[in-house]
Amino acid sequence: MTAALPQRSVDLGEVRPCLEGAIPAIMATCAADGTPNVAYISQVYYVDEGHVSLSFQFFNKTRQNLLANPRSTLLVLNPLNAVFYRLHLRYLRTEDSGPVFESMKAQLAGIASHTGMADVFRLRGSDIHEVIEVERLPQEPLAEALPSPPPKPNHLSVLRRASLQLSGARNLGEALDATLDALVRDLAVRHAMVLILDTTTQRLYTVASRGYETSGVGSEIALGDGVIGVAARECTPVRIMHMTSAYLYSRAMRNSLGDACPQNTDIPYPGLPEPHSQLAVPLRSAGRVVGVLFVESPLDLQFSFEDEDLLMALGGQLGAAIDLMHEAEAPCTGTAPDVAVASVPAVPTGPALQVRHYRSNDSVFINNAYLIKGVAGAILWKLLRDGQHGRKEFTNRELRLDSSLRLPDVADNLEARLLLLHRRLAEQCPQLRIQKTGRGCFRFEANGPVELEDVAA
């Protein structure tokens, strides 16, 4: 009986599940004199329908052969159905910066930590290869007997439902909640969060989350730090499918306040202690990054490239919504008809709140417990000082015009900062609350006495 021949002219898209790093690829190269060499490759990255990128970590025999003879063959395996593919490649160039390199660098760190080789694996470059041909090899009987993976939801239908829900949001809080609720409901995502970029401090701060013991609202990630920071800095999605202890955010990035303020200003990051799958996509608007949408799971291989495409599309809509939801700056004359003022039960009057403000970075402590800092801290301090004179009503416009708050001239994200402050107060200090009263205006109330201390250092 004649053996089955490999099926040629396979689209590279069919091979994408093989490039998740679950099973190392095998690469064959030849030296200039024709001597063959076979080696395992820790990372193969899908660039586009005609190119892949391989990790350059060591100047070894494979590397020497590629520089002498750019043709190579790559054998990859689909971990879901055990089908082998053979890729015929031509080496083009090596990149040591840019989105492809940074994405591979982040992913490689996850693979390295999973194998205990974090101190050995260092990405030196991304070797870009043209895919000349793809072959699907004959399927083994074992592969034919493997059960089919569970069906995935129709991603286009999921995107449609999520987009409809997001388009109905009337403010930033509703937009964030609509996005995260859609992921939980339609994609069975159990752990997710949205972070907004503060261009002044070059940090991302958490404004909404799902699935964690604590919300982590206000926790910060430095631009370029780990999966989330790299996604924001390079404006590219970063997806890791294995144990990623190298990128655990066990604590928020610490910002020292100096000797005059030794207290800890970390807000605990809400991430999983042992994530096995992570996906971060940038939120973009008008050609710039405004934040990051992040999902993770304690299980391997939880987020496919289709999930990545879906989150990129949804993230683009959310990014535009964040930009478009700048509140009207005209002073409001009353409660807008489409805004319902929530009924908040009164908080019993108790001992005076001791509020301490540090001018060095506008950090605010309440009863010696850290609450907020930065622009959100400066806003709170303004509200508290004005509240001491009996004032309760405020507008977004006046905050934007207040130079003491040091809002950036472009993309001030005032609504995001107010939302962050509102949610931090609701979680940590319900005696103080921000209550939306209309478009571009809100009420700030202190249910009880407040004593203020301003520290100049």
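Because the structure is a prediction, the values reported are computed rather than measured.

1. Some remarks on the overall build of the protein chain
Secondary structure summary: the protein chain contains 10 helices and 20 strands in total. Burial statistics for the protein chain: of 457 residues in total, 52% are counted as buried. At a minimum sequence separation of 6, the contacts of the protein chain that also span at least 24 residues come to 69%. Element-wise, carbon and sulfur atoms account for 53% of the exposed surface of the protein chain, whose accessible area totals about 21100 Å².

2. Focus: the sheet that holds strand β10 (residues 220-222)
The strands making up a sheet associate through backbone hydrogen bonding, with each pair oriented either parallel or antiparallel. Read across the sheet, six strands follow the order β10-β9-β8-β13-β12-β11 without closing on themselves; strand pairing throughout is antiparallel. In the strand order of this sheet, the two ends are held by β10 and β11 (238-240), each with one partner. Adjacent strand axes in the sheet meet at a mean angle of 25° when their direction is disregarded. Of the strands in this sheet, β8 (191-198), β9 (203-210) and β13 (288-297) touch helix α5 (residues 172-187), which is tilted by about 60° from β9.

3. Quick notes on the sheet that holds strand β16 (residues 369-372)
Taken in spatial order, the four strands line up as β16-β15-β14-β20 in an open sheet, and their pairing is mixed. The strands lining the two open edges of the sheet, one partner per strand, are β16 and β20 (450-455). Averaged over all adjacent pairs, the angle separating strand axes in this sheet is 30°, with direction ignored.

4. Quick look at the nonpolar core
In this structure, Leu183, Leu311, Ile379, Leu380, Leu425, Leu432 and Phe444 are the most contacted members of the largest nonpolar core, which totals 65 residues. Per-element tally for this core: the top contributor is helix α8 (residues 374-387), with eight residues. Filtering out sequence-adjacent residues up to four positions away, Leu183 remains in contact with Ala188, Val189, Ala192, Leu293, Val295, Leu311 and Leu314. Residues Val10, Leu19, Met27 and Val83 belong to the second largest nonpolar core, which totals 21 residues.

5. Observations regarding helix α1 (residues 61-68)
All of the buried residues along α1 are Thr62, Arg63, Asn65 and Leu66. Projection of α1 onto a plane perpendicular to its axis shows the buried side chains occupying an angular sector of 165°, all on one side.

6. Overview of unusual backbone geometry
Keep in mind that most residues, glycine aside, have a negative phi and that most peptide bonds are trans. Notably, Leu301 is not glycine yet its phi reads approximately 55°, a positive angle. Mapped onto the elements, Leu301 comes out in the loop between β13 and α7 (305-324). Of note in the backbone geometry, Asn368 takes a positive phi value of approximately 70° without being a glycine. Tracing the backbone through its elements, the reader meets Asn368 in the loop between β15 (363-366) and β16.

7. Comments concerning the environment of Ala352
Within the element layout of this structure, Ala352 appears in the loop between α7 and β14 (353-358). Spatially, the C-alpha atom of Ala352 lies 6.6 Å from that of Gly448, the residues being 96 residues apart in sequence. If sequence neighbours within four positions are ignored, Ala352 has contacts with Asn367, Pro449 and Glu451.

8. A look at the environment of Gly316
Mapped onto the fold, Gly316 is located in helix α7. Spatially, the C-alpha atoms of Gly316 and Arg284 are 5.6 Å apart, while their sequence positions differ by 32 residues.

9. A word on the environment of Phe101
Relative to the elements of secondary structure, Phe101 occurs in helix α2 (residues 99-114). On a C-alpha basis, the gap between Phe101 and Tyr45 in space is 9.8 Å, while along the polypeptide they are 56 residues apart. Contacts of Phe101, omitting those with residues within four sequence positions, involve Glu95, Asp96, Leu123, Arg124, Gly125 and Ser126.

10. Let's talk about the pattern of salt bridges
Pairing is possible between side chains of opposite charge, provided their charged atoms come close. By the definition in use, this model includes 29 salt bridges. With its nearest N and O atoms 2.7 Å apart, the salt bridge here joins Asp127 to Arg63. Linking Asp127 in strand β7 (residues 125-136) with Arg63 in helix α1, this pair joins segments that are 64 residues apart in sequence. Taking the relative accessible area as the measure of exposure, Asp127 reaches 4% and is therefore buried. Owing to a relative accessible area of 10%, Arg63 belongs among the buried residues under this scheme.

11. Focus on the pairing of β14
Burial within β14 is extensive, with five of its six residues counted as buried. Examined bridge by bridge, β14 and β20 share six bridges and lie parallel to one another. By the bridge assignment for β20, Leu353 is matched with Val450. Relative to β15, β14 is paired through four bridges, and the arrangement is antiparallel. Within β15, the residue paired with Arg356 across the bridge is Phe365. Counting the residues between successive antiparallel strands, the hairpin from β14 to β15 contains four residues, one of them, Asp362, with a positive phi of roughly 60°.

12. Some remarks on the side chain of Asn65
Mapping Asn65 onto the fold places it in helix α1. Not counting residues up to four positions away in its chain, the partners in contact with Asn65 are Thr29, Cys30, Ala31, Thr35 and Asn37.

13. Structural notes on the confidence of the model for the protein chain
Looking at the protein chain, the pLDDT average stands at 82 and 80% of residues meet or exceed 70. The lowest-confidence element of the protein chain is helix α3 (residues 141-145), averaging 55 in pLDDT; the highest-confidence one is strand β6 (residues 84-95), averaging 95. Note that residues 113-118 has pLDDT below 50 and, in this model, 10 contacts with residues that lie over four places away or in other chains.

How each quantity is defined
Residues numbered from 1 in each chain as written. Predicted model: local features only at pLDDT ≥ 70, side-chain atom pairs only at ≥ 80, totals over all residues. Heavy atoms only, no water. Helix = DSSP H or I, 4+ residues; strand = E, 2+ residues; numbered from the N terminus. Buried < 20%, exposed > 50% of the residue type's maximum accessible area, 1.4 Å probe, protein only. Contact = heavy atoms within 4.5 Å. Areas by Shrake-Rupley, 256 points an atom, 1.4 Å probe, with all protein chains shown as cover. Pairing = 2+ DSSP bridges. Axes fitted to C-alpha atoms, helices over the stretch in contact; angles between N-to-C directions. Core = buried A, V, L, I, M, F, W, Y, C linked by side-chain atoms within 4.5 Å. Arc of directions from axis to C-beta. Salt bridge = Lys/Arg side-chain N within 4 Å of Asp/Glu carboxyl O. pLDDT = per-residue confidence, 0-100.

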